[in-house]
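Below are the chains, spelled out letter by letter.
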Amino acid sequence: MTPEILAKTHAAAFTQSRAWAAVEFEDLLSNRFIHAVGNAKSFALFQVIGDEAELLTIATHPNFQRQGLARACMQEWHSKSKFLGATRAFLDVAADNLPAIALYENSGYRACGLRKAYYLRENNQKIDAIVMEIALN
Ligand SMILES: CC(C)(COP(=O)(O)OP(=O)(O)OC[C@H]1O[C@@H](n2cnc3c(N)ncnc32)[C@H](O)[C@@H]1OP(=O)(O)O)[C@@H](O)C(=O)NCCC(=O)NCCS
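Notes on the structure follow. What you see is a predicted model; the values in this text were computed from it and never measured.

Conventions we followed
- Residues numbered from 1 in each chain as written.
- Predicted model: local features only at pLDDT ≥ 70, side-chain atom pairs only at ≥ 80, totals over all residues.
- Helix = DSSP H or I, 4+ residues; strand = E, 2+ residues; numbered from the N terminus.
- Rg over C-alpha atoms; globule rule 2.2 N^0.38 Å.
- Buried ≥ 20, exposed ≤ 12 C-beta atoms within 10 Å, placed from the backbone.
- Contact = placed C-beta atoms within 7 Å.
- Pairing = 2+ DSSP bridges.
- Axes fitted to C-alpha atoms, helices over the stretch in contact; angles between N-to-C directions.
- Core = buried A, V, L, I, M, F, W, Y, C linked by C-beta atoms within 7 Å.
- Parallel < 35°, antiparallel > 145°, perpendicular 65-115°, else oblique.
- Left-handed = near helix turned anticlockwise from the far one by under 90°.
- Nonpolar A, V, L, I, M, F, W, Y, C, P; charged D, E, K, R; others polar.
- Near = placed C-beta within 6 Å.

**Some thoughts on the overall build of the protein**
When you go through the protein residue by residue, the secondary structure sums to four helices and six strands. Going residue by residue from the N terminus, the α and β elements of the protein occur as α-α-β-β-β-α-β-α-β-β. Against the 2.2 N^0.38 benchmark of 14 Å for 137 residues, the protein shows a C-alpha radius of gyration of 14 Å, consistent with a compact globule. Projected onto its principal axes, the C-alpha coordinates of the protein cover approximately 40 × 35 × 30 Å. A burial count over the protein gives 24% of its 137 residues as buried. Partitioning the intrachain contacts of the protein with sequence separation of at least 6 by distance along the chain shows that 54% fall at a separation of at least 24.

Following this line, the structure appears as structure tokens:
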């Protein structure tokens, strides 16, 4: 997966927030703590530091949604994080992103915090972030 492919899939999937540029993905992937799983249809970017893993972003191209691809990416980044030593994983999600919240709840995550007005939409609307966690057993 090249930074260009990641940027293309991300831009197609994230229609309500700013797309990340290829150069941003290139920069992230050069960080030794950051890893990617998946392919051009669906991918997850995550970081593992010590015993904690964190999801940075996950996206499935709209042409391939509801086929179980993000669920598979969740399983893959959890496995890789465990292999790298993580025992817990975290993520944050916009409170109005119901598909993503369903994905995370179905993957075993539970809410553990709230960041008020954390996300700023392109229309200047501020949206709370729900922080979620899971034990990686
Ligand atoms: C959220 C997202 C990654 C899900 O990708 P996906 O490949 O379509 O998800 P999957 O097919 O693996 O779905 C797994 C489960 O998640 C839930 N889910 C996924 N999309 C859903 C939707 N549109 N509505 C309700 N639940 C949904 C369901 O529980 C689903 O299981 P089911 O199909 O058996 O009911 C995708 O919608 C996306 O890219 N959205 C835009 C980017 C985004 O919001 N990323 C998350 C930021 S925190």
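Moving on from the coordinates now.
**Notes on the sheet that holds strand β3 (residues 52-60)**
Read across the open sheet, the six strands follow the order β1-β2-β3-β4-β6-β5; overall the sheet is mixed. For this open sheet the edge positions go to β1 (34-38) and β5 (110-120), each flanked by a neighbour on one side alone. Within the sheet, the average angular offset between the axes of one strand and its neighbour, ignoring direction, is 25°. Pairing between β1 and strand β2 (residues 42-49): five bridges, direction antiparallel. Of the residues in β2, the one forming a bridge with A36 is L45. Sheet contacts for helix α1 (residues 3-13): β1, β2 and β3; angle to β3, the most-contacted strand, approximately 70°. Contacting β1, β2, β3 and β4 (88-94), helix α3 (residues 69-83) crosses the sheet at an angle of about 20° to β2.

**Description of the nonpolar core**
Residues F43, A44, F46, L55, C73 and W77 are the most contacted members of the largest nonpolar core, which totals 26 residues. Broken down by secondary-structure element, the contributors of at least two residues to this core are β1, β2, β3, α3, β4 and β6 (126-135). No other element matches the five residues that β2 contributes to this core. With near-sequence residues (within four places) excluded, L55 lies in contact with A44, F46, W77, A89 and L91.

**Topic: the packing of α1 against helix α2 (residues 22-29)**
At a closest axis distance of 8 Å, the pairing of α1 and α2 adopts a crossing angle of 120°. When the axis of α1 is compared with that of α2, the two are oblique. Taken as a pair, α1 and α2 cross one another with a handedness that is right-handed. Taken together, the residues of α2 that come into contact with α1 (itself represented by P3, E4, L6 and A7) are A22, F25, E26 and L29. Grouping the constituent residues of the contact of α1 with α2 by class yields six nonpolar, no polar and two charged.

**Quick look at the environment of F14**
Mapping F14 onto the fold places it in the loop between α1 and α2. Separated by 77 residues in sequence, F14 and L91 place their C-alpha atoms 17 Å apart. Contacts of F14, omitting those with residues within four sequence positions, involve A19 and A59.

**Digging into the pairing of β5**
Burial analysis of β5 places just zero of its 11 residues in the buried class, a small minority of the element. Alignment of β5 against β6, held across seven bridges, turns out to be antiparallel. Bridge pairing links R115 to A129 in β6. Connecting β5 to the next strand, β6, in antiparallel fashion are five residues, including N124 with a positive phi near 75°.

**Some details on the site of the ligand**
With respect to spatial proximity, 21 residues lie near the ligand, and among them T60, Q65, A70, P99 and L103 are the closest. At the level of elements, β3, α3 and α4 (98-106) are the ones that each hand at least two residues to the shell around the ligand. With six residues, α4 is the single largest residue contributor to the shell around the ligand.

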